[in-house]
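# A look at the structure
Here are the chains, one letter per residue:
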Amino acid sequence: MVLGCRVAIVGAGPAGIMTAALLSKEIDITIFEHKSPLASILPTGGGKCNISNLESDFKEFAKNYPRGEKFLYSILSRYTSEYTLEYFKKIGIETVALDNGKIFPQKMSSKFVRERLLAQIKGCKIEKNEIKKITKNDSGFILKSSNSKYLFDRVVIAIGGHADFSILNDLDIKIIPPKPALTGLCTATNYSSLSGIVLKNVFNFETRLSGDLLFTHFGVSGPIVFKISSLKARDDFPYWLKFDLLYDKLQDLKDFQQILNDNSKKEIKNILSKYLPQNFVGFFLEKIGVNPVLKGSEINSKIRNLIFDTLKNYQIQVLSPRPDGETVMAGGVDLKQVNPKTLECKNISGLYFVGEVLNIDGFCGGFNLQNCWSGAFAVAESINSSG
Ligand SMILES: Cc1cc2nc3c(=O)[nH]c(=O)nc-3n(C[C@H](O)[C@H](O)[C@H](O)COP(=O)(O)OP(=O)(O)OC[C@H]3O[C@@H](n4cnc5c(N)ncnc54)[C@H](O)[C@@H]3O)c2cc1C
């Protein structure tokens, strides 16, 4: 470790602050942040902060990152969620795991996590300034804001996924253009009359995922849609999604015919309401032009096939991500330029990237914050032990 080494951390989000907290106290640390430090942690987990996930196998853990899976093997195997939770315990944050594997602070408060983390960086200087440009010469890294210039030996870039990446232009860093991920999706069909209605456990053909589909005023949302939006984050819009809305309810056409036979005096809208929400059934029948009061016995094979095939292959045209609805950005610093053990830039010694600034993004469940924590451990270890 270099005594008196000057380290700049650009960005005071979870990744930057955790890095600062873990760096040796003998290092001269300056954190640059143009907003409020750790403000970005406040909305996480709906204000409760889903810190990490219970999954203990690092390869299984890494499967939750549509971008970055293999790259993360090294840091996730060394700095597991268990390792992270021990650190949180040491700084006074007791945690609790829910049945779905999500880990939260026992106090269920991201404000509390923020306070405890900020308490760990008391010795660091915080400059309320936006860094506009970074260059390197023989003396070190030069950071420029609109009114100042600073010199550092090492720089940790922790600006997140929504940042202006042009600050890296002079360093010749390749950026994969960021795209919104983990978001609701705007659809061509207007589903606002169904806003709030949930279709339970539908199956999506493109991603082989199943889960609950929520209709909203802008289109579709819910856990399955968030995951789909991540997996298809780099696809061009518009695109089509196909769902089986009767996935675990009805498999065969002959079973459907049997149901029609058994309910020959019932209206089709009431027959289908046993499997799908009533509002959706009315909306659906109108869209495909079937009279909702037709009795089971009045449904001929053509209508039967139309209803069944459309529900088993329900098509939704997606126009765009929900504006400003993303939880993370898919894209960022191209991982090919980064050492996966230390997160140091392969071509520029002393330059590190940590957190969402990297082309790494995870699903919901604490995976995005764990990327920040594990990355911060790796960066701090590398800087603390460097000569
Ligand atoms: C609503 C919401 C809920 C979420 N919930 C969860 C959750 O429960 N669990 C989970 O794992 N993930 C969650 N996430 C994702 C998680 O918050 C992010 O992945 C995480 O904050 C990324 O941390 P980061 O430090 O890499 O970047 P950021 O949090 O984006 O922080 C980057 C910081 O850098 C600063 N900055 C940028 N450019 C400059 C510059 N040029 N100069 C100075 N400062 C700069 C920014 O102002 C910012 O403060 C959620 C995200 C959202 C939006």
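Quick caveat, the model's predicted, so the values are computed rather than measured.

How each quantity is defined
- Residues numbered from 1 in each chain as written.
- Predicted model: local features only at pLDDT ≥ 70, side-chain atom pairs only at ≥ 80, totals over all residues.
- Helix = DSSP H or I, 4+ residues; strand = E, 2+ residues; numbered from the N terminus.
- Buried ≥ 20, exposed ≤ 12 C-beta atoms within 10 Å, placed from the backbone.
- Contact = placed C-beta atoms within 7 Å.
- Near = placed C-beta within 6 Å.
- Nonpolar A, V, L, I, M, F, W, Y, C, P; charged D, E, K, R; others polar.
- Axes fitted to C-alpha atoms, helices over the stretch in contact; angles between N-to-C directions.
- Left-handed = near helix turned anticlockwise from the far one by under 90°.
- Domains from an automatic or database assignment.
- Expected span 1.5 Å × (residues − 1).
- Core = buried A, V, L, I, M, F, W, Y, C linked by C-beta atoms within 7 Å.
- Pairing = 2+ DSSP bridges.
- Right-handed = clockwise from strand over helix to strand, strands pointing away.

### Points about the overall build of the protein chain
Each helix and strand in the protein chain was counted, giving 11 helices and 19 strands. The C-alpha extent of the protein chain, read off along each of the three principal axes, is 85 × 40 × 30 Å. Counting all 387 residues of the protein chain, 42% fall into the buried class. In the protein chain, the share of contacts with a sequence separation of at least 24, taken over all contacts with a separation of at least 6, comes to 72%.

### Digging into the site of the ligand
Around the ligand, the structure places 35 residues, and the nearest of them are Gly11, Gly13, Asn50, Gly160 and Gly355. Elements that contribute at least two residues to the shell around the ligand include exactly α1 (14-22) and α11 (367-385). Broken down by element, the shell around the ligand gets its largest block of residues, four residues, from α11. Residues belonging to the shell around the ligand are distributed by class as follows: 17 nonpolar, 14 polar and four charged.

### Thoughts on the packing of α1 against α11
Relative to each other, α1 and α11 sit at 35°, their axes nearing to 8 Å. Where α1 crosses over α11, the handedness of that crossing is right-handed. Contacts between α1 and α11 pair Pro14, Ala15, Met18, Thr19 and Leu22 from the former with Leu369, Cys372, Trp373, Gly375, Ala376, Phe377, Val379 and Ala380 from the latter. Partitioning the contact of α1 with α11 into residue classes produces 11 nonpolar, two polar and no charged.

### Some details on the domain arrangement of the protein chain
We note that the domain assignment places domain 1 (6-180 + 327-385) and domain 2 (185-321) within the protein chain. Its C-alpha centre places domain 1 at a distance of 41 Å from the equivalent point of domain 2. Domain 1 puts seven residues into the contact, and the matching count from domain 2 is seven residues.

### Considering α11
With 19 residues, α11 extends 27 Å from end C-alpha to end C-alpha; this agrees with the ideal 27 Å at 1.5 Å per step. In terms of burial, α11 is a largely internal element, 15 of the 19 residues being buried.

### Describing the nonpolar core
Core analysis: the biggest nonpolar cluster contains 70 residues, and Val7, Phe353 and Val354 have the highest contact counts within it. Of the residues forming this core, the biggest block, 10 residues, is contributed by α11. In this view, valine 354 contacts Ala15, Thr19, Val156, Ala158, Leu343, Cys372, Gly375, Ala376 and Val379; residues no more than four positions away in its chain are not counted.

### Thoughts on the sheet that holds strand β5 (residues 102-105)
Strand pairing in a sheet is mediated by backbone hydrogen bonds. Such pairs are either parallel or antiparallel. Strand order in the open sheet formed by three strands is β3-β5-β4, with antiparallel pairing between adjacent strands. Single-partner strands in this sheet number two, and they are β3 (52-53) and β4 (95-97). In this sheet, β5 lies alongside β4 in antiparallel orientation, the contact comprising three bridges. Bridged to alanine 97 within β5 is isoleucine 103.

### Structural notes on α1
With eight of nine residues buried, α1 is to be regarded as a mostly interior element. Those residues of α1 that sit buried are Pro14, Ala15, Gly16, Ile17, Met18, Thr19, Ala20 and Ala21.

### A look at the sheet that holds strand β6 (residues 125-127)
Read from one edge of the open sheet, five strands run β6-β2-β1-β10-β19, paired in parallel fashion. With partners counted over all chains shown, the strands left at the sheet margins are β6 and β19 (351-353), one partner each. Taking each pair of neighbouring strands and ignoring which way they run, the sheet shows an average axis angle of 20°. Pairing of strand β1 (residues 6-10) with strand β2 (residues 28-32) involves five bridges; the strand directions are parallel. Paired with isoleucine 9 across the bridge in β2 is isoleucine 31.

### Here's the deal with unusual backbone geometry
The linkage connecting phenylalanine 237 with the following residue, proline 238, adopts the cis geometry, with an omega of -5°. Summarising the element assignment, proline 238 is placed in the loop between α6 (223-231) and β16 (239-244). In this structure, cysteine 49 is a non-glycine residue whose phi angle is positive, near 70°. By the element assignment, cysteine 49 lies in the loop between β2 and β3. With 27 C-beta atoms counted inside 10 Å, the residue cysteine 49 sits in the buried group. Positive phi outside glycine occurs at asparagine 201, with the angle close to 40°.

### Some remarks on the pairing of β2
Read from β1 through α1 to β2, the crossover connection turns out right-handed. Direction of pairing for β2 relative to β6: parallel, over a ladder of three bridges. Paired with isoleucine 31 across the two strands is isoleucine 126, which belongs to β6.

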